[in-house]
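# Summary of structural features
Chain residues, written in single-letter form:
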Amino acid sequence: MIRDIGAEDLPWVHALNRAHELELSPMSEAEMAAHLARADYARAAEGGAFLLAFGEGGDYSSPNFLWHKARFDRFLYVDRVATAATHRRRGLAAALYRDLIAFAAARGVPLIAAEINSDPPNPESDAFHARFGFETVGEAVLEGRGKTVRYIALRL
């Protein structure tokens, strides 16, 4: 069910990212390919959902990633997770998160970090992360992007 993302997955992963650009941020297909290659965790579930995460030493300059890096010594940062409309309500995102938690625990990583849009709001993501036990650890207004985010973390 859960497997590493391969080169053959790039077209659908990129298309799914494009479908969720408001929540995830836009990327060209070439940028997505490079992003996948740099991710510490890049896995898919049943060809209909994916999750990308970066460790604290990752080659990534996202302001959200850097916010966590300035505050936590060791973590995995959930950069993006998306599920296709055709694959929703099957538990794929939850399966990916359980796999990410096991991945982190096996490597002795004590924290999983992420952010959720609070303006515009994302109540589904709020509820999803709350079920896993994520807690708010900060907030930021992303200038030029027209959104405010809540930074969240799950301590393992």
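Residues numbered from 1 in each chain as written. Predicted model: local features only at pLDDT ≥ 70, side-chain atom pairs only at ≥ 80, totals over all residues. Heavy atoms only, no water.

## Describing the overall build of the protein chain
Per the secondary structure count, the protein chain includes six helices and seven strands. For the protein chain, the succession of helices and strands along the chain, N to C, is β-α-α-α-β-β-α-β-α-β-α-β-β. Against the 2.2 N^0.38 benchmark of 15 Å for 156 residues, the protein chain shows a C-alpha radius of gyration of 14 Å, consistent with a compact globule. Expressed as lengths along the three principal axes of its C-alpha atoms, the size of the protein chain is roughly 35 × 35 × 30 Å. Put simply, the protein chain has 156 residues, and 50% of those count as buried. A sequence separation of at least 24 residues applies to 62% of the contacts in the protein chain between residues at least 6 apart. Across the protein chain, 18 positive and 21 negative side-chain charges occur, with their mean positions spaced 3 Å apart. (Helix = DSSP H or I, 4+ residues; strand = E, 2+ residues; numbered from the N terminus. Rg over C-alpha atoms; globule rule 2.2 N^0.38 Å. Buried < 20%, exposed > 50% of the residue type's maximum accessible area, 1.4 Å probe, protein only. Contact = heavy atoms within 4.5 Å. Lys, Arg positive; Asp, Glu negative; His and termini not counted. Charge placed at Lys NZ, Arg CZ, Asp CG, Glu CD.)

## Observations regarding the packing of helix H5 (residues 92-106) against helix H6 (residues 123-132)
Where H5 meets H6, the axes come as close as 12 Å, and the angle between the chain directions of the two elements is 40°. With respect to their mutual orientation, H5 and H6 come out oblique. Judged by the twist between their axes, the crossing of H5 over H6 is right-handed. Contacts between H5 and H6 involve Ala93, Ala94, Tyr97, Arg98 and Ile101 on the former and, on the latter, Phe128, His129 and Phe132. (Axes fitted to C-alpha atoms, helices over the stretch in contact; angles between N-to-C directions. Parallel < 35°, antiparallel > 145°, perpendicular 65-115°, else oblique. Left-handed = near helix turned anticlockwise from the far one by under 90°.)

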